[in-house]
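Descriptive structure summary
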Amino acid sequence: EAGVAQSPRYKIIEKRQSVAFWCNPISGHATLYWYQQILGQGPKLLIQFQNNGVVDDSQLPKDRFSAERLKGVDSTLKIQPAKLEDSAVYLCASSLGLQYTDTQYFGPGTRLTVL
Amino acid sequence: RKEVEQDPGPFNVPEGATVAFNCTYSNSASQSFFWYRQDCRKEPKLLMSVYSSGNEDGRFTAQLNRASQYISLLIRDSKLSDSATYLCVVNQAGTALIFGKGTTLSVSS
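About the criteria used
- Residues numbered from 1 in each chain as written.
- Chains lettered and ligands numbered in written order.
- Predicted model: local features only at pLDDT ≥ 70, side-chain atom pairs only at ≥ 80, totals over all residues.
- Heavy atoms only, no water.
- Buried < 20%, exposed > 50% of the residue type's maximum accessible area, 1.4 Å probe, protein only.
- Helix = DSSP H or I, 4+ residues; strand = E, 2+ residues; numbered from the N terminus.
- Pairing = 2+ DSSP bridges.
- Core = buried A, V, L, I, M, F, W, Y, C linked by side-chain atoms within 4.5 Å.
- Contact = heavy atoms within 4.5 Å.
- Axes fitted to C-alpha atoms, helices over the stretch in contact; angles between N-to-C directions.
- Salt bridge = Lys/Arg side-chain N within 4 Å of Asp/Glu carboxyl O.
- Polar contact = N/O pair within 3.5 Å; in protein donor to acceptor, adjacent residues only side chain to side chain.
- Buried area = accessible area lost by both parts, 1.4 Å probe.

Our next topic: the pairing of strand 9 (residues 84–91) of chain B. All names here are of chain B. Buried residues dominate strand 9, accounting for eight of its eight residues. Of the two faces of strand 9, the one lined by Ala84, Tyr86, Cys88 and Val90 and the one lined by Thr85, Leu87, Val89 and Asn91 are each fully buried. Note: strand 4 (residues 32–38) against strand 9, seven bridges, orientation antiparallel. Along strand 9, the bridge assignment pairs arginine 37 with tyrosine 86. Bridge count for strand 9 against strand 11 (residues 103–108) is three bridges, and the pairing is antiparallel. Opposite tyrosine 86, over in strand 11, you have threonine 103 as the bridge partner. Counting the residues that bridge the hairpin from strand 9 to strand 10 (residues 98–99) gives six residues, and of these glycine 94 lies at a positive phi of roughly 80°.

The next thing to look at is the nonpolar core. Note that soluble globular proteins tend to have their nonpolar side chains buried in a common cluster. Grouped together as the largest cluster of nonpolar side chains are 23 residues, with contacts concentrated most on Phe21, Trp35, Ile71, Leu73, Ile75, Tyr86 and Leu105 of chain B. When residues of this core are traced back to their parent elements, those giving at least two are strand 3 (19–25), strand 4, strand 5 (44–50), strand 7 (60–65), strand 8 (70–75), strand 9 and strand 11 of chain B. Contacts of leucine 73 of chain B, omitting those with residues within four sequence positions, involve Val19, Ala20, Phe21, Trp35, Leu47, Met48, Phe60, Thr61 and Tyr86 of chain B. Counting residues in each nonpolar core, the second largest holds 21 residues, with Leu32, Leu46, Ala88 and Cys92 of chain A among its members.

This part takes up the sheet that holds strand 3 of chain B. Residue and element names in this part refer to chain B. Ordered in space as 1-3-8-7-6, the five strands form an open sheet in which the pairing is antiparallel. Each edge of the open sheet carries a strand with a single partner, namely strand 1 (4–6) and strand 6 (55–57). Taken pair by pair, the neighbouring strands of this sheet meet at an average axis angle of 20°, ignoring direction. The pairing of strand 3 with strand 8 spans six bridges and is antiparallel. Note that in strand 8 the partner of alanine 20 across the bridge is leucine 74.

This brings us to the pattern of salt bridges. Side chains that carry opposite charge are capable of pairing whenever their charged atoms lie near each other. Residue and element names in this part refer to chain B. Counted under the stated rule, the structure contains six salt bridges over all chains. The shortest N-O distance in the salt bridge between aspartate 39 and arginine 37 comes to 2.9 Å. Where arginine 59 meets aspartate 82, a salt bridge forms, and the shortest distance between an N and an O atom there is 2.8 Å. Placement of arginine 59 in the loop between strand 6 and strand 7 and of aspartate 82 in the loop between strand 8 and strand 9 is noted, with a sequence separation of 23 residues between them.

Before going further, it helps to examine the environment of lysine 62 of chain A. Residues and elements named next belong to chain A. Turning to its location among the elements, lysine 62 is positioned in the loop between strand 6 (53–56) and strand 7 (65–69). On the accessibility criterion, lysine 62 (49% relative accessible area) is partly exposed. Residues lysine 62 and leucine 46 lie 16 residues apart in sequence; the distance between their C-alpha atoms is 10.0 Å. A polar side-chain atom of lysine 62 sits 2.7 Å from the main-chain carbonyl oxygen of aspartate 57.

What follows deals with the interface of chain A and chain B. The partner chain B presents 17 residues to the 18 residues of chain A that form the contact. Both sides together, the interface formed by chain A and chain B hides about 1,400 Å², and carbon and sulfur atoms give 57% of it. Among the residues of chain A in contact with chain B, Tyr100, Thr101 and Phe106 of chain A are the three that bury the most area, contributing 34% of the side total. Counting the contacts that link chain A with chain B gives zero salt bridges. Our count for the contact surface shared by chain A and chain B stands at one residue pair in polar contact (both at pLDDT 80 or more).

Below, the structure written as structure tokens:
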């Protein structure tokens, strides 16, 4: 079974530029998550989708971050404009069920460096 | 006080050693507990859930003490392949998983 796919794997941009990340979850998984993992920290949830609806975006910095999940499958996360402190790994995860405690399968992540 | 606290380590142990990691959580309403493993520059993967009665999976034993708000992971007979960062994760019903910063283990031959 194919895992969670993410692209690009690496991205280097200058501050104030825009960037977008793409995620394709495991087929049939209803729930999709975007996490931010800063070096030396654990992952922090940015946004959770169930099918194509947002369930939790309480920790998403909405002045610069946006996300969508088209047709309840793929998702994109955008940062506009980027700041130095956005340098992190952005992890996408998916789960079959609708509960936070359902096993979440993570993608390989996109490593973002903001200069 | 941070929601989930772990000793960052690193823990450097020889092959065959037994090593234990501890984790404390601040929210007494937390209901679900997990250990995730994250290899260097890789994604986190679920290692095991932690149940109130304690549970074992091969060389790995997880325990929960709700009164002390404390979770532990014991690894017996350490292998080189156990070298990774171990993330303690807690959850309150209906809310997002909260990850600790992780404890780094390095097993040497």
